[in-house]
Every structure is written in C-alpha cells, then in structure tokens.
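The chain contents come next:
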Amino acid sequence: MDVKQQVAQQRTELEAAVTRALELAGKKADAAEVAITKTTGISVSTRMCEVENVEFNSDGALGITVYRGNRKGSASTSDLSEKAIAQTVEAALDIANYTSEDPFSGPGPKELMAFDYPDLDLFHPDEPEPDHAAEKAIAAERAALDYDKRIKFSDGASYDSHYGVRVYGNSHGMLGSYASSRHSISCSVIAEDSKGMERDYSYTVSRDKDELWGPEKVGIEAAKRTLSRMEPRRLATGQFPVMFAADVATGLLGHLVMGISGSNLYRKSSFLLDKLGHQILPDWFEVNERPHILKGMASAPFDSEGLVTRDLDIIKDGELQTYLATSYAARKLNMQPTGHAGGIHNWFVKNTGQSFEQMLKELGTGLLVTELMGQGVNIVTGDYSRGAAGFWVKNGEIQYPVSEITIAGNLADMYKQIVAVGADTEFRSQIQTGSILIESMKVGGE
C-alpha cells in the first residue's frame, strides 16, 4: 500500500473517530466540536557535510470541546480507541461543569460551515530514506562551501518532509478532512576573513518536493547572502528612506495581520482599533486574500472551526475592508466570522511594477534592510523599534553592508508613508509581497 492509499485509509479512520466522539458528546452536551491533526515525516540535519540528527515524526491527537449552555470544556487524547474517546468526552463534559459561563462561546454559525469544500491539491507526499534526505542537505552545504574560500564553516543544513491529515467535525453536521504535505531544504553558512565573521542562510519550501529549488541553489544563495554581509559598517544616526527587502517586508505586513486580528480588537489592544472602512495605506495599495490557490502554502478549504474560506479584499484603495475574526471574536465585535481561525490564507500584495534594481533607484540614498532582530513592536500603540542589518544605498547603488543599527517609527505612519512595492515578490511566505519602500524612518547608529 503506497502513502496515498495509507493516508486515504487513515482519513476514513480519523473521520470515524471524530463522528464517534460527536455522537457521544451529543447525548449530554448542547454542542460540540472535534478535531484531529495527524502528522508524519522526517527531518534530517547535517553540519559540515556530516549527518547530525535524524528525526522521525508520527504524532497527533483528538481534541474535543463541548458546550453546556454557556459553559465550555475541552479535553484531548492520542489514543483513538472506543474506550479512550468515551473517556475524553466525559472529561470534557466534566470540565464544562466547572468553567465560568461565557455567552460568546460556541461553534461557528451553521450557515457559514464548509459543508461543501474544494480539493486544493495540497497533498504531495514523500517518504525519503534518511540517506537520501541527508544527501540533499549535504549537497546544499557543499555548494555553499565550494562557492568561495571565505565560506569557512557550515552552520547546518536540513531536509524536512512531512505530510498529514486534518479532520474537523461539529454538532452542526459539519465533517471535513483534507491531507497536505510540506517539504523544505535550508542551509546556513559562516564566512570569515581577517576582519571578522558573518552568517546568513537560504531555504526553499513547497507542498510538492519536485517544486523545491535544487539543494545547490539553496547553498549558493546562502553563500552569496553571507558574503554580501562581510565587513559591515555602522551608520550615523539620522532620518532616511528605508526599503525592506521582500523577505523581511512580509513581516511588516504581518504586523497588519495582528492589528486587524479580532482577538486584539475586542480587547482594545490594537493600533488599528475602529479603522474598518478607513484609509490606512496609500490609495493605490491593495492586499487580496486567496485561500483556494492550488498547492498554496497557506491554502485551506476551511478554517480551524470548519468555516468556509473565501476570496477577500483586505485592503482596497488603501482602505481597510475587513477585520479577521474567529467565531468568538466575531460575537464579541458584533460581526460575522471571516474564516480566519488558525490564521490567514495566501495574502497577495499588489506591486507598483518596479524590479529590485528600480526600487533601489527610487530609494536613492538610504537604507536597505535585509534582516530584523528583536521584538520591539507594540501592537497596541503601533510603536516600532527593531535591530536591523542591511546595506547603505547611495544614488540607487548598494555601497556597503551595515549592521548594529536600529530602525524606529510608528506602524500607522509607516504604512501611510509606503512609496512603492516591488515586483520582486517573495513566494515562500503566506504573505506574498515584493520589497517595500518607506519614505522616512529614524535610523539609530553611531
């Protein structure tokens, strides 16, 4: 029996376990939700072209939440026998007797359940032998080490391949499942010369192993990135234009996700409170969510509550079109849930057409940020202050690497000061954006 047949059988068995748990819960609870995620895979890490660690994974658990009136109880088990499921249901029911009443709890609305959902082609399993997986990681390391004599050490490489099944059901009659896979190769190396050492990395990730970059490309990319950082300088403190490279610009939009998250909004702990329908970005700025992209890394036929996922405009003409609300948050905010329990699904940021080189020309003289450090972001106020490294740019040309600097501003102001979004899209992230140029930020250096 091949992997796909095994997983098909596993889905059937897990769906039966979820159905049984719901049947038992339905005899004593007003409502119930049951979910199982079962994951199988291998992770192989290497260092200096020697195998360092081989890890096999096969784990998962059934979690059940029951509702008795406005009281909620949850329990879980990794044992899917009839007896264990019955005991877990009883444990959840018992817990519900002791929890506080919460009028906002309960499953999502029945009318928004994904009773019919698409196949998004997310399942492309691989079962590599440890030796084969190690060969991939070692090939990435060798390519990096052979690229330039200044690449002295490998800080490690890895090949990861996992697949799994998710099943969700609730007392509305929703029962859904899908299988998915994820494969990745990563490599981190250290360069050294008489003036010091620098480290950087590269990686590739895909649902389908055949769509990964070759390990040699990963290694060479890691080497190039590391060498470009050699002999960094400090900057004088000042106010400059700042361009976030595409792979760090995703994080800049990640703060937007947090700012419009229902849980932060109902707690009144977001700098974007009461901004629905307001312009928060330039009038040309657009973000669209597309959950049903085939093979998409953040695609999902339904969310963690069984709600439909659908195409959404998040930002249109610079205006905030929607919050991101689970069923609980939606009740708190007096709105409809948006299908975001468990996270966002494939955000696409509209670009303004410039290549990376053209974005540098538009930057003119200022800072290109390629790495961010620290957690200095306050979602309540929007205050932003982070350690950074990157490159000083003059007249549209990269001059030299810089490090040991900080960049600071306020997210609300930073979003409004976005000048351009590059066409150099970062495809490996759930937020697909090009580099982002901000008109002015405070840069702290010497």
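Cut-offs applied
- Residue positions are given per chain, counting from 1 as you read along its sequence in written order.
- Totals for whole chains, interfaces and linings use all residues, but because this is a predicted model, local features are given only for residues with pLDDT of at least 70 and pairs of side-chain atoms are given and counted only at 80 or more.
- Side-chain figures throughout are based on the complete set of non-hydrogen atoms in the structure, without hydrogens or water.
- A run of DSSP states H or I qualifies as a helix once it reaches four residues; a run of E qualifies as a strand once it reaches two. Both are numbered from the N-terminal end.
- The reference for a compact globule is 2.2 Å times residues^0.38; the radius of gyration itself is calculated from the C-alpha atoms.
- Burial classes follow relative accessibility: with a 1.4 Å probe on protein chains only, a residue under 20% of its type's maximum area counts as buried, one over 50% as exposed, and anything between as partly exposed.
- Here the rule is simple: two strands pair whenever DSSP picks up at least two bridges between them.
- Criterion for a salt bridge: a side-chain nitrogen of Lys or Arg within 4 Å of a carboxyl oxygen of Asp or Glu.
- UniProt positions are given in the numbering used here, feature names are shortened, and annotations may be inferred rather than shown by experiment.
- Domain segmentation is taken from an automatic or database assignment of domains.
- Between two residues, a contact is recorded if the distance between any of their heavy atoms is within 4.5 Å.
- What gets called buried area is simply the loss in accessible area from a 1.4 Å probe that two parts show on being joined, summed for both.
- Multiply 1.5 Å by the residue count of a helix minus one, and that product is the helix's expected span.
- We call two N or O atoms a polar contact when they sit within 3.5 Å, provided that within protein one can donate a hydrogen and the other can accept it, with sequence-adjacent residues counted only if both atoms are side-chain atoms.

(A) Representation of the overall build of the protein chain within the structure. Per the secondary structure count, the protein chain includes nine helices and 17 strands. By the compact-globule yardstick of 22 Å for 446 residues, the protein chain fits well, its C-alpha radius of gyration being 24 Å. Taking the principal axes of the C-alpha coordinates as reference, the protein chain spans close to 70 × 55 × 35 Å. Residues counted as buried form 52% of the 446 residues belonging to the protein chain.

(B) Representation of the pairing of strand β5 (residues 175-193) within the structure. Across the 19 residues that make up β5, a large majority, 14, are buried. Relative to β5, strand β4 (residues 151-170) is paired through 17 bridges, and the arrangement is antiparallel. Note on β5: the bridge partner recorded for aspartate 160 is serine 184. What sits between β4 and β5 in their antiparallel hairpin is a turn of four residues, with glycine 173 showing a positive phi close to 95 degrees. Looking at chain direction, β5 and strand β6 (residues 196-206) are connected through 11 bridges and run antiparallel. By the bridge assignment for β6, glutamate 192 is matched with methionine 197. The antiparallel hairpin formed by β5 and β6 contains two residues in its connecting segment.

(C) Highlighting the pattern of salt bridges. Tallied over the entire structure, the rule returns 21 salt bridges. One salt bridge connects arginine 290 with aspartate 311, and the closest N-O pair in it is separated by 3.9 Å. Here arginine 290, found in the loop between β8 (287-289) and β9 (312-316), pairs with aspartate 311, found in the loop between β8 and β9; they are 21 residues apart in sequence, far enough to count as distant. Taken together, the shared-partner salt bridges connect Glu198, Asp200, Arg225, Arg229, Asp247 and Glu371 into one network.

(D) The arrangement of the UniProt feature "domain: Metalloprotease TldD/E N-terminal" (unreviewed entry) in the protein chain in detail. Per the UniProt entry, the sites bearing "domain: Metalloprotease TldD/E N-terminal" (unreviewed entry) are residues 32-96 in this numbering. A helix fraction of 23% and a strand fraction of 65% characterise residues 32-96, whose end C-alpha atoms lie 11 Å from each other.

(E) Fine view of the domain arrangement of the protein chain. What the domain assignment reports for the protein chain is domain 1 (3-228) and domain 2 (232-445). With centres defined by C-alpha atoms, the gap from domain 1 to domain 2 works out at 25 Å. With 38 residues of domain 1 in contact, the opposing surface of domain 2 contributes 29 residues. Note on domain 1 versus domain 2: buried area summed over both sides is about 2800 Å², and carbon and sulfur give 60% of it.

(F) A look at unusual backbone geometry. A positive phi angle, near 65 degrees, is found at cysteine 49, a position not held by glycine. Here cysteine 49 lies in the loop between β1 (31-47) and β2 (50-68). In this structure, asparagine 346 is a non-glycine residue whose phi angle is positive, near 55 degrees. Following the sequence through the fold, asparagine 346 ends up in the loop between α7 (327-333) and β11 (347-349).

(G) Main features of the UniProt feature "domain: Metalloprotease TldD/E central" (unreviewed entry) in the protein chain. Cross-referencing UniProt, the feature "domain: Metalloprotease TldD/E central" (unreviewed entry) maps to residues 124-229 in the present numbering. In this annotation, residues 124-229 is assigned 30% helix and 47% strand; the end-to-end C-alpha distance for the span is 37 Å.

(H) Representation of helix α1 (residues 3-26) within the structure. Under the 1.5 Å per step criterion, the end-to-end length of α1 is 34 Å for 24 residues, consistent within 8% with the ideal 34 Å. Residues of α1 that are buried include every one of Val3, Val7, Gln10, Leu14, Ala17, Val18, Ala21, Leu22, Leu24 and Ala25, and no others. Against β1, β2, α2 (82-96), β4 and β5 lie the buried residues of α1. Its side-chain oxygen at 3.2 Å from the backbone nitrogen of lysine 4, aspartate 2 defines the N-terminal cap of α1.

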